[in-house]
Amino acid sequence: MEKKEKIGVYVCHCGTNIAGVVNVGEVSTWAAENLKDQGVVVSRDYKFMCSSLGQELIQKDIKEYGLTRVVVAACSPHLHEATFRNACKGADLNPYLCELVSIREQASWVHTDKVAATEKSKALISGGVSRVVYNEPLEPLYVPIHPATLVVGGGISGIQAALEIADAGYRVYLVEREPSIGGHMAQFDKTFPTLDCSACILTPRMVQVGSHPNITLLTYSEIEKVEGYVGNFTVSIRKRARSVDEATCTGCGICWEKCPKKVVDNVFEAGMGNRKAIYVPFPQAVPKYPVIDRENCTFYIKGTCKACEKFCPTEAINFAQEDEIINVEVGNVILATGYDPFDARRITQYGYGRLANVFTSLEFERLSNAAGPTGGNIVLRDGKTVPKVVGIVHCVGSRDKNYNEYCSAICCMQSLKFAHLVHERTGAEIYNFYIDIRAPGKGYEEFYHRLLDEGTHFVRGKVAEISDAVRLPGEEGKLIIQVEDTLTGNQLRVPVDMAILSAGLEPRRDAKAVAKQFGISCSADGWLIERHPKLDPVATVTEGIYIAGCVQGPKDIPASVAQGAAAAARILGKIMQKEIALEPIRASIKEEQCSGCRICNNVCPFNAILFHEDKMVSEVNPALCQGCGTCVAACPAGAISGTGFSNQQILSQIEGLMLLNIKSHKETVPA
Amino acid sequence: MTEETKSFEPTIIGFTCNWCSYRAADMAGTARMKYAPNVRLIRLMCSGRLDPTFVFKAFASGADAVLISGCHPGDCHYISQNYKALRRFHLMKRVLTQLGIEPGRLKLLWASAAEGAIFASEITKFVEEVRALGPLNWPQPGEQVSTPIMEEVTA
Ligand SMILES: Cc1cc2nc3c(=O)[nH]c(=O)nc-3n(C[C@H](O)[C@H](O)[C@H](O)COP(=O)(O)OP(=O)(O)OC[C@H]3O[C@@H](n4cnc5c(N)ncnc54)[C@H](O)[C@@H]3O)c2cc1C
Ligand code: SF4
Ligand code: SF4
Ligand code: FES
């Protein structure tokens, strides 16, 4: 240490979050007395360091004591590092000369032994102080933000996000896996709690997306590869062959009328109806062009047919069409890939797949849909019998340790909606089997009361079994729902004609893979993780990647729309700043020390290190370097240094951390 | 001896990457999961940054054990750098053995940002393992190094 640094240490109480376990006063005094040699000139504790008063305290000290380094012992740097760095900047101290030490997430919240937590806090601060001495003043790297945005998933969340950004005047690439946008909402007849027709509110938005000059819509497409970082992503999109030329197809529909090959539609119709081998998923599909499902098309299987080609008036059918790879440059990304319904087959005792008249919620949506396979007639699997008694089972696969522990948030309301539709269309007697009624949205409780007034029976109890085994008179030909009514304590056997399983929501089967592609993570349940559960619900830990809608967790349409708009607003804010400050954590090679061994060249995952043949030395391209530090660790000549995480910083931090041992058997010899 | 081992509190230095494992620690905190207070963490950007020197420095400074943690294989924020950490880990274990330090004092833990519970329980487990090993005692000059290590050296 040539020049002695002047260091200020600030210990936060975080209300009682830290002070309840860690003796913050003792820690602060200890630092003042014991870290003098390391350069600590002032040490304080304060109730809320991150408050404006707390920040002013630091700023005042920087001025008065001429502090050259600051260590704040508070919460995780992922929460408030930026706050305290900015505070330092406000007092003309380079922000990177401030080090945040986490004594909340790493001490007070995870330890119960107050003495040990206090001692550990001292050690962590000592580590921070030893490290900060070697921090260097840095300037953030500014990179331009590409004004285009990629939206993955064309459900209601993705649609909302795309429209917000496009309306503001910026380009959006909307990538949807299915032949049409619309997502789950397109499958519904009515939406709770207002019972407005889903198609009526959704399809105008879909049309807007399809015709918006700022939206490039890529359906039947998937993300192939993502490269780059915030502001500058390069995305490869695989546009699967539709076998239909979009430039010439008018969407007249003759092809799917003439196509002789019927296929059970397991996606849009949830297995309840058929489509052709050449098809649009539903009449209002956007875009209007059909696709040929090559797995089922007679021509692709047997080599003959081509009926669609014969009848197409514009010669739009192209059997030889191939997948296309489209590369786009975008500055930001929104993932809005939604959910999969829980597979009710997994709960074998409910009989789905075995007992004909057990339906899933999505099947019932199609059954009750005026545009669905029965024209909206609620009938049994035979296609004609109107049920007289209907049982609706809530929480299927949700709030259940054996399946998903979380609440799927929408199943109570969807069950009430089903009950209302059955009542309205059939006049049947209805039983809702619930654990708790969860109706926390606007107008939701009122909807529940409406159902009570309609005479729907509510039985509080988790259904044990649905079977067709007759035990009592009157049960013949019925499905028996076995349940304990937990309000009366009675075991009930309720005979019904139709049972509807209100299946919960699950993360998409490929959610993990998608998350990985974009460098973000999933929770243990499999939902994509937001940056902060309360304060930053649509951003993720990876700059430039946002999430919206059910991909983040179960939610209803209003919440999905709100998140789509929120993500769009966040991105518009970024686009308008035109450039973004990146953490200046980069590697650099000292030319004089480089031996030209080229070991570093191969360890870099981003090919950021190039080799100068003439000088026989390697060099880091700072625009490509992401700062992982692997080359720093790999260089046998020690010629590479990493800003923000230099060897000196870390080695010194180790010494600092070891300054005192917890109730140790041996005396530490201060290094 | 048993008495002494029982009261022995190991000090462990832990290295985490910025993206998954440090966030697992954050997650353990946010969820108020409890674990042993013996580990002191150092945040690196990636487990690939882990210079073996850091590990040896930690032992030299008096740590009884060292924990290395990063994203699960395949999940590294920088594509594949944790595989490099994995290779270095095996190498370091070998070197430690040759230096006469039990390889059980070095642990590698993969933890995703969602695995706060695993992070917490693995730390508590590791602390118990190190407690059982007892304090790290460097062989004194001239002290007989145990036989298996000799075999390893001459092999
Ligand atoms: C039976 C049922 C009834 C419901 N009824 C109501 C109701 O009445 N009122 C209400 O408010 N809410 C209701 N909901 C909830 C509602 O469905 C959701 O809130 C809403 O659909 C969420 O929209 P989303 O855009 O987030 O997801 P989704 O609707 O799931 O859309 C996601 C889109 O992304 C696409 N996609 C997925 N993965 C990829 C990929 N890797 N690449 C490209 N594209 C991809 C999908 O094809 C889909 O088009 C109901 C849910 C169910 C199950
Ligand atoms: S018949 Fe031709 S123009 Fe008409 S929808 Fe089919 S492909 Fe398009
Ligand atoms: S080739 Fe035949 S089976 Fe295939 S889509 Fe055209 S009409 Fe249908
Ligand atoms: S970023 Fe976590 S191991 Fe590389």
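A few points on the structure.

Rules used throughout
Residues numbered from 1 in each chain as written. Chains lettered and ligands numbered in written order. Predicted model: local features only at pLDDT ≥ 70, side-chain atom pairs only at ≥ 80, totals over all residues. Heavy atoms only, no water. Near = heavy atom within 4 Å. Polar contact = N/O pair within 3.5 Å; in protein donor to acceptor, adjacent residues only side chain to side chain. Areas by Shrake-Rupley, 256 points an atom, 1.4 Å probe, with all protein chains shown as cover. Helix = DSSP H or I, 4+ residues; strand = E, 2+ residues; numbered from the N terminus. Nonpolar A, V, L, I, M, F, W, Y, C, P; charged D, E, K, R; others polar. Domains from an automatic or database assignment. Contact = heavy atoms within 4.5 Å. Buried area = accessible area lost by both parts, 1.4 Å probe. Salt bridge = Lys/Arg side-chain N within 4 Å of Asp/Glu carboxyl O. Buried < 20%, exposed > 50% of the residue type's maximum accessible area, 1.4 Å probe, protein only. Pairing = 2+ DSSP bridges. Right-handed = clockwise from strand over helix to strand, strands pointing away.

1. Focus on the site of ligand 1
All names here are of chain A. Near ligand 1 you find 37 residues, and of these Ser157, Glu176, Phe192, Tyr339 and Lys555 are the closest. Within the backbone of Phe192, a nitrogen or oxygen atom sits 2.7 Å from an oxygen atom of ligand 1. Isolated, ligand 1 exposes 1000 Å² of accessible area, and the fraction of that covered by the protein chains is 98%. Breaking the shell around ligand 1 down by element, the ones donating at least two residues are helix 6 (156–167), strand 8 (190–191), helix 11 (361–367), helix 12 (411–426) and helix 15 (557–577). Grouping the constituent residues of the shell around ligand 1 by class yields 14 nonpolar, 13 polar and ten charged. Among the domains, domain 2 (149–338 + 507–574) and domain 3 (342–505) are the pair contributing at least three residues each to the shell around ligand 1.

2. Regarding the interface of chain A and chain B
At the junction of the two partners, chain A supplies 55 residues and chain B supplies 54 residues. Regarding the contact of chain A and chain B, the summed buried area is about 4700 Å², with carbon and sulfur atoms giving 59% of it. Linking chain A with chain B are two salt bridges, by the criterion used here. Arg43(B) is the partner of Glu81(A) in a salt bridge, and the nearest nitrogen-oxygen pair spans 3.1 Å. Summed over the shared surface of chain A and chain B, the result is 16 residue pairs in polar contact (both at pLDDT 80 or more). Taken together, the elements giving at least two residues each to the side of chain A that touches chain B come down to helix 3 (77–90), helix 4 (104–108), helix 5 (114–132), helix 17 (630–634) and helix 18 (647–657) of chain A. Of the residues forming the side of chain A that touches chain B, the biggest block, seven residues, is contributed by helix 18 of chain A.

3. Looking at the environment of Lys190(A)
Residues and elements named next belong to chain A. Of note, Lys190 is situated in strand 8. In this structure Lys190 comes out as partly exposed when scored by relative accessible area, which is 22%. Residues Lys190 and Tyr350, 160 residues apart in the sequence, show an inter-C-alpha distance of 26 Å. Beyond its immediate chain neighbours, meaning those up to four positions away, Lys190 contacts Leu195, Asp196, Cys197, Ser198, Lys417, Leu421 and Arg425.

4. Observations concerning the pairing of strand 3 (residues 69–74) of chain A
Residues and elements named next belong to chain A. For strand 3, the tally of buried residues reaches six of six residues, placing the bulk of the element in the interior. What you see with strand 3 is no split at all: Arg69, Val71 and Ala73 on one side and Val70, Val72 and Ala74 on the other are buried throughout. Where strand 1 (residues 7–12) and strand 3 come together, five bridges link them in parallel fashion. Its bridge partner being in strand 3, Val11 is matched across the sheet by Ala73. Each parallel crossover has a hand, and for strand 3 linked through helix 3 to strand 4 (residues 98–102) it is right-handed.

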